[in-house]
Amino acid sequence: MYDILQKKRDGLKLSSDEVEDFVTAYVNGKIPDYVAAAFLMAVFTKGMDSEETFWLTQAMMNSGVVLAPGSMQGFKIDKHSTGGVGDKVTIVLAPLIAACGLKVPMISGRGLGHTGGTLDKLESIPGFKTELSPRDFAAQVNRIGAAIIGQSKEFVPADMKLYALRDVTGTVESIPLITSSILSKKLAEGLDGLVMDIKLGSGAFMKREEDALELAESIITTGRRMGKKVAALITDMSQPLGRTVGNAIEVKEAISGLRGEGPSDLMELVYALGERMLAMAGSTRSPSEARGVLLRSIESGRALDRFRDIVEAQHGDVRYVDHPELLEVSDKTWIAESPESGYVRAIDAYKIGSACVELGAGRERAGQEIDRRVGLVVDKKIGETVEEGEPLIEIMCDDASKARSVHDYLISAYEIGSQKERPPDLVHRTID
Ligand code: URA
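Residues numbered from 1 in each chain as written. Predicted model: local features only at pLDDT ≥ 70, side-chain atom pairs only at ≥ 80, totals over all residues. Heavy atoms only, no water.

Chemist: Quick rundown of the site of the ligand? Include the residues and the values.
Modeler: With respect to spatial proximity, the complete set of residues near the ligand consists of H80, S81, T82, L112, Y163, R166, I178, S181, I182 and K185. Between the ligand and H80, the relevant distance is 3.0 Å, taken from an oxygen atom to a side-chain nitrogen or oxygen of the residue. Measuring from an oxygen atom of the ligand, one finds a side-chain N or O atom of R166 at 2.8 Å. The set of elements that each furnish at least two residues to the shell around the ligand consists of β1 (77-81), α8 (157-167) and α9 (175-188). Counting residues per element, the shell around the ligand draws most heavily on α9, at four residues. Residue composition of the shell around the ligand, grouped by class: four nonpolar, four polar and two charged. (Near = heavy atom within 4 Å. Polar contact = N/O pair within 3.5 Å; in protein donor to acceptor, adjacent residues only side chain to side chain. Helix = DSSP H or I, 4+ residues; strand = E, 2+ residues; numbered from the N terminus. Nonpolar A, V, L, I, M, F, W, Y, C, P; charged D, E, K, R; others polar.)

So this is what it looks like as structure tokens:
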């Protein structure tokens, strides 16, 4: 292992055996976290070429069960985001696509760095289980069209361990590490097609367009080399998506989306990704036809029904789906007020995500318990007018000292100007 570390530290290319040896040794508990952390940091600083990235993805995928495409019937499709702030798209999109007749076998992630994670959010629903055996996972997908689980000892254990370590060692924003983390999970699902949501902007891991494009290319190239259909949308993350950031509070907002009452940017992104998924599966002939199918699935209540089915199948309490007001969000609110009047010019979504982690919604140490009740309500977004003293953000948190510690930092995330700013486009680019 020492030789492998030295080689990567010196910027040399690893062989496929070396990459596989590292992954196997770490998964089998043969090397401690500090050695794995050094490996991750070496990859973070020196990078990996496309061949090494492919080997790493393959070794991580093979660290657990890989479902055969034949274990589930129909076209199996998934979407995955590279990570954002307020990104609750999966909670709306997975049941929506299942309601449109496709199969969605989904292995998701927890919070990573300053970004939130679908599994942490869904676990706000009492009883919701994010671990299923491979057999139960495939059976649920066959029965109700979708399942949302996490990495486990059975599914991609390599990503389970490396993801938790990256979260707390400053090694998240690396193209080969993000590519292998995402694709090892997706390829273990036995899917036919994948639509990637590559986030770009202050709340994303990729803050410059050229980096987002490089990440898209890395994921598309590696995914296709594994024989899968892959498309990518580069989407805006220059401000939080929707109006909420946290865990329980985001599930509430996602349920409002499934009821047809979601915020427009969240729903616009759900439909843009959904259109691409339906097109990839060959279910519809054009994006406008796909849009109609998606809208009808929301309006008819079929997508919400499917979400209820998923929650029930994964042992969650379905009363929380029909009465999202039961979801526990702290009832103590602190207001971050605007220091001046004007228009919101820009928002540093990284600061908003980090403040939420500091409140307890994410982890600062591996394995740390999180607080699903804390959250933020984003009252003002780019292009909106604000008066001095009006709320920019509301902080929902029981602990006054924690709320106070993020208050000024949150205000500093806002840039207020005198000219009206056009809200950013939601989809910057589509790569097929
Ligand atoms: N999502 C993942 O699953 N892994 C990453 O590294 C980033 C986003």
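Chemist: Explain the packing of aromatic side chains to me, and be specific about the residues and the numbers.
Modeler: Each aromatic ring pair is summarised here by two numbers: the centre-to-centre distance and the angle between the ring planes. Applying the stated criterion across every chain yields a total of three aromatic pairs. Relative to Y26, the ring of F22 has its centre 6.2 Å away and its plane inclined at 10 degrees; by these criteria the two rings are stacked. Note that F22 and Y26 are positioned in helix α2 (residues 16-27) at a spacing of four residues, about one turn of the helix. By relative accessible area, which is 1% here, F22 ends up buried. The interplanar angle of 15 degrees and the centroid separation of 3.7 Å between the aromatic rings of F22 and F39 together place this pair among those described as stacked. Residue F22 is located in helix α2, and its partner F39 is located in helix α3 (residues 33-46); the two are separated by 17 residues in the primary sequence. An aromatic cluster is built from F22, Y26 and F39, whose rings are joined through pairwise contacts. (Phe/Tyr/Trp six-rings, centres within 6.5 Å; stacked < 30°, edge-to-face > 60°. Buried < 20%, exposed > 50% of the residue type's maximum accessible area, 1.4 Å probe, protein only.)

Chemist: How would you explain the sheet that holds β1 if you had to name every residue and give the values?
Modeler: Strand pairing in a sheet relies on backbone hydrogen bonds, with the paired strands running either antiparallel or parallel. Read across the sheet, four strands follow the order β1-β4-β5-β13 without closing on themselves; strand pairing throughout is mixed. Pairing within the sheet leaves two strands with one partner each, and these edge strands are β1 and β13 (427-431). Sheet twist, expressed as the mean angle between neighbouring strand axes with direction ignored, is 15 degrees. Pairing analysis gives eight bridges linking strand β4 (residues 193-200) to strand β5 (residues 229-236), with the strands arranged parallel. Bridge assignment links D197 to a residue of β5, and that residue is L233. Against the sheet, helix α12 (residues 264-280) contacts β1, β4, β5 and β13, and its axis sits at roughly 150 degrees relative to β4. (Pairing = 2+ DSSP bridges. Axes fitted to C-alpha atoms, helices over the stretch in contact; angles between N-to-C directions. Contact = heavy atoms within 4.5 Å.)

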